[in-house]
Amino acid sequence: MTTLTLGKALNEGLRKAMDDDPKVLIMGEDVGKLGGVFRITDGLQKDFGEERVIDTPLAESGIVGTAIGLALRGYRPVVEIQFDGFVFPAVDQIITQLAKMRMRSLGKVELPVVVRIPCGGGIGAVEHHSESPEVYFTHTAGLRVVACSNPADAYSMIQQSIASPDPVVFFEPKRRYWDKADVDTETADWTPLHAARVVRPGDDVTVLSYGPAVKTCLEAAVAAGEEGRSVEVIDLRSLNPLDIETVTASVHRTGRCVVVHEAAVFSGYGAELAARITERCFYRLEAPVLRVGGFSTPYPPSRIEDHYLPDLDRILDAVDRTFGW
Amino acid sequence: MAETPTRSAARSAGEAAPARARRSRGPRTPRPGPGLPQPPDTAGAEAPDTAVPAAPDTAGTLVGFYRQMLLVRRFEERAARAYTEAKIGGYCHLNLGEEATVVGLMAALRPTDYLFTNYREHGYALAKGIGADRVMAELYGRSTGVSKGWGGSMHLFDAEARLLGGYGIVGGQVPLAAGAALAVSYKGGDDVVMCQMGDGTTAIGGFHEALNIAALWDLPAVFVVVNNGLGMGTAVERSAAEPELWKRGAAYRMASARVDGTDVVAVRDAARLAVERARSESRPYLLEAVSPRLKGHSVVDPARYRSKEEKDALKDADPVARTARRLADAGILSPEDRDRIDAEVTAEVEAAAAFADASPQPDVSTLFDYTYATPVAGEQRRLPADPVFRS
Ligand SMILES: Cc1ncc(C[n+]2csc(CCOP(=O)(O)OP(=O)(O)O)c2C)c(N)n1
Ligand SMILES: [Mg+2]
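Residues numbered from 1 in each chain as written. Chains lettered and ligands numbered in written order. Predicted model: local features only at pLDDT ≥ 70, side-chain atom pairs only at ≥ 80, totals over all residues.

## Some details on the interface of chain A and chain B
Interface size is often expressed as the accessible area that is lost when the parts come together.
Working step 1: Each side of the interface is counted separately: chain A has 38 residues, and chain B has 37 residues.
Working step 2: Secondary-structure elements contributing two or more residues to the side of chain A that touches chain B are β14 (290–294) and α12 (312–323) of chain A.
Working step 3: With five residues, α12 of chain A is the single largest residue contributor to the side of chain A that touches chain B.
Working step 4: Of the residues belonging to the side of chain A that touches chain B, the class tally is 19 nonpolar, nine polar and 10 charged. (Contact = placed C-beta atoms within 7 Å. Helix = DSSP H or I, 4+ residues; strand = E, 2+ residues; numbered from the N terminus. Nonpolar A, V, L, I, M, F, W, Y, C, P; charged D, E, K, R; others polar.)

Below is the structure:
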């Protein structure tokens with residue numbers, strides 16, 4: 001066991017993947033010499049060389065497109081997008097090419113491209129630097145979409161994503177980059193990439209979340225516990241595919257469910273969850289599935305973001321309301 | 001066969017035919033002639049085809065430039081301090097080292113001309129005539145700021161001053177500027193649209209798409225690439241296959257030139273030529289201003305990727321010091337003048353910071369005020385779970 005920050009765990013995971021497979025490449029703006037704006041690729045260019053850790057021009061569409069071309073010829077590129085909001089110039093390539101090449105080639109080609117995106121707010125940044133664009137990708141068939149929430153998962157999930165034969169959009173909770181935890185770097189006996197995990201067992205209500213909001217949910221669960229409510233928190237980890245079995249098993253027991261994410265609630269990932277849970281657990285539900293998330297506005301400036309981000313109070317309020325139905 | 005709406009069809013159906021006399025299409029004749037003033041290490045540029053109006057600058061004009069440059073300098077230094085004191089949230093990119101470029105460019109515009117910039121735009125806002133207090137208040141995120149605190153450092157917007165935005169997405173502003181220039185062309189009048197960006201921006205698709213459109217449609221747009229040698233930590237030579245960025249205009253048969261961005265008069269002259277060409281002939285222009293970035297990419301960047309030699313060399317390139325020296329040599333800026341001007345702009349900047357600090361934060365309840373023009377059915381304005389919004 002070693003204690004690592006989430007950022008360092010990603011760095012170690014990338015390093016391991018590069019050690020294990022010479023076809024793994026890293027590409028992005030300032031990922032080499034500078035080690036990336038969040039230093040996630042720190043030291044990798046020094047150790048693996050400029051041909052495997054590639055500093056690119058400022059051209060997201062070009063970077064992702066080039067990565068696709070490399071993947072078509074057997075490489076496993078890992079692309080870094082500096083901030084959530086900068087992925088949009090590349091969305092064309094991701095949606096129109098990356099997600100569709102397997103179908104077009106009738107399964108003849110694999111697209112092992114990982115697009116790493118630091119996501120979410122809470123670091124006092126502004127629009128483009130604090131967004132949660134996951135549903136643009138979960139809505140697109142052909143992409144796998146995952147979100148890590150803690151150092152151990154960061155370490156394993158990045159390696160599992162790189163090993164995936166399908167493209168993976170990999171969300172990193174940027175405000176949790178500096179969170180520390182024990183990581184077992186000796187084992188490869190990991191939870192499967194697309195499995196959800198119960199991170200805190202409970203009996204009264206199920207709280208579903210992923211990425212940066214998981215920690216907030218855990219804090220809310222502790223607070224609810226002090227008030228005598230037993231909250232089960234599930235870290236979904238994978239958004240597409242979705243591990244619906246773990247989710248429904250929990251909601252079947254608790255009969256109540258709250259979904260928490262930073263992205264806007266309207267048309268957010270919570271809508272998919274609410275629909276599926278309703279379909280599967282209709283007779284078990286004591287209350288509708290409630291959602292806590294961002295608002296339908298552009299991400300606000302730093303002075304306002306505390307109001308925008310789901311916090312303890314808003315989560316607890318939703319939990320309370322599931323008991324009032 | 002059904003008519004596909006085309007641009008020309010849309011134009012004839014639109015409110016007004018273009019009032020500006022449009023140049024006929026077709027290959028352009030190369031225009032030989034003397035180049036613009038060049039910094040020593042730069043290649044020649046496509047020649048100007050109109051003589052620069054040659055009225056010599058008065059001492060007042062030159063000292064005025066210096067004053068504005070120093071205002072930008074002191075403003076940015078003050079902003080950096082406020083940022084480290086956590087008065088400013090988000091990211092904060094400064095024009096330190098680009099003062100001559102900023103002031104020279106803005107001096108070539110009329111107040112009625114439009115401006116688009118990237119996120120490194122505080123100086124442009126000041127030089128476009130927006131008060132230091134309102135710009136500083138925006139950086140502080142206060143409701144007295146140019147964008148009522150909703151824009152912040154990177155997204156200054158002031159329709160009245162015709163600053164059509166600072167843009168946080170690299171290259172985001174470039175096609176928009178072409179569109180604003182097309183609007184000028186449709187509506188008539190002789191406004192010009194200037195679009196500022198950095199060197200790194202010339203690598204992104206939107207830059208090329210917009211320049212092609214602007215040249216193809218003869219738009220009155222001046223694209224200015226401020227080449228500070230770096231896009232974050234990446235040197236131009238490592239990001240541009242043609243590091244002489246002005247030459248990219250050739251791909252679109254767009255007149256283009258490079259100018260020493262530390263020389264305020266040279267910048268003003270080069271920009272004036274570009275602007276007047278856009279104004280009188282409705283033709284776009286690509287101007288590259290070579291100008292150092294004295295500090296990190298943003299306030300939080302220690303710029304460790306720069307060697308000590310590089311950092312030392314920057315001192316000689318400082319345009320503010322350089323201008324002061326020049327004016328002193330020409331006998332139009334005495335040490336006393338210099339100190340007085342410094343005291344004045346410093347006071348202005350301090351007052352702006354005090355104003356910002358004393359201004360109220362935007363009210364959270366206004367969060368929903370600016371997303372849509374009218375309420376939208378199904379719009380998630382309030383959630384029952386939000387105690388903040390309950391009262
Ligand atoms: C589409 C996009 N990709 C990446 C970024 C992150 N980023 C912000 S500024 C910058 C460098 C831009 O360099 P340049 O155009 O030279 O402008 P300068 O900062 O030097 O003024 C980068 C990579 C961004 N804002 N937008
Ligand atoms: Mg630059």
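Following the structure, the description resumes.
## Focus: the nonpolar core
Working step 1: The biggest cluster of nonpolar side chains holds 206 residues, and the ones touching the most others in it are V258 of chain A together with A221, V222 and L287 of chain B.
Working step 2: Looking at which domains feed residues into this core, each of domain 1 (2–183) and domain 2 (197–323) of chain A gives three or more.
Working step 3: Those residues in contact with L287 of chain B that sit more than four places away from it in its chain are V222, V224, S256, A257, V259, A270, A271 and A274 of chain B. (Core = buried A, V, L, I, M, F, W, Y, C linked by C-beta atoms within 7 Å. Buried ≥ 20, exposed ≤ 12 C-beta atoms within 10 Å, placed from the backbone. Domains from an automatic or database assignment.)

## Here's the deal with the domain arrangement of chain A
Residues and elements named next belong to chain A.
Working step 1: When cut into domains, chain A gives domain 1 (2–183) and domain 2 (197–323).
Working step 2: Measuring from the centre of the C-alpha atoms in domain 1 to the corresponding centre in domain 2 gives 26 Å.
Working step 3: Across the contact, 25 residues belong to domain 1 and 23 residues belong to domain 2.
Working step 4: Those elements giving two or more residues to the side of domain 1 that touches domain 2 turn out to be α6 (134–138), β6 (144–147) and β7 (168–173).
Working step 5: Here the side of domain 1 that touches domain 2 takes four residues from β6, the largest share from any one element.
Working step 6: Grouping the amino acids of the side of domain 1 that touches domain 2 by side-chain chemistry returns 10 nonpolar, eight polar and seven charged.

## Overview of the packing of helix α2 (residues 59–84) of chain B against helix α10 (residues 319–329) of chain B
All names here are of chain B.
Working step 1: Contact geometry for α2 and α10: axes closest at 10 Å, N-to-C directions at 155°. The orientation of α2 relative to α10 falls into the category roughly antiparallel. Taken as a pair, α2 and α10 cross one another with a handedness that is left-handed. Of α10, the residues touching α2 (which contributes L62, V63, Y66, M69, L70 and R73) are P319, V320, T323, A324 and L327. (Axes fitted to C-alpha atoms, helices over the stretch in contact; angles between N-to-C directions. Parallel < 35°, antiparallel > 145°, perpendicular 65-115°, else oblique. Left-handed = near helix turned anticlockwise from the far one by under 90°.)

## What to know about the sheet that holds strand β9 (residues 197–200) of chain A
Note: strands within a sheet are paired through backbone hydrogen bonds, in either parallel or antiparallel orientation.
All names here are of chain A.
Working step 1: With mixed pairing, the five strands of this open sheet are ordered in space as β9-β11-β10-β13-β14. Bordering the open sheet on either side are β9 and β14, each of which pairs with just one other strand. Averaged over neighbouring strand pairs, the angle between their axes works out to 25° when direction is ignored.
Working step 2: With five bridges connecting them, strand β10 (residues 205–209) and strand β11 (residues 231–235) associate as parallel partners. Its bridge partner lying in β11, T206 is registered against E232.
Working step 3: Across the sheet, helix α8 (residues 213–226) touches β9, β10, β11 and β13 (257–264), and the angle it forms with β11 is around 170°. (Pairing = 2+ DSSP bridges.)

## So, the environment of K311 of chain B
Residues and elements named next belong to chain B.
Working step 1: With respect to the helices and strands, the residue K311 is situated in helix α9 (residues 308–317).
Working step 2: Assessed through the 12 C-beta atoms surrounding it within 10 Å, K311 is described here as exposed.
Working step 3: In sequence terms K311 and K295 are 16 residues apart; their C-alpha atoms lie 8.7 Å from each other.

## A few points about the pairing of strand β4 (residues 76–80) of chain A
Residue and element names in this part refer to chain A.
Working step 1: Across the five residues that make up β4, a large majority, five, are buried.
Working step 2: Here β4 shows two buried faces, one formed by R76, V78 and E80 and the other by P77 and V79.
Working step 3: Where strand β2 (residues 24–28) lies against β4, five bridges are found, and the strand directions are parallel. Bridge assignment links G28 to a residue of β4, and that residue is E80.
Working step 4: With three bridges connecting them, β4 and strand β5 (residues 114–119) associate as parallel partners. Within the sheet, the bridge partner assigned to V78 lies in β5 and is V114.

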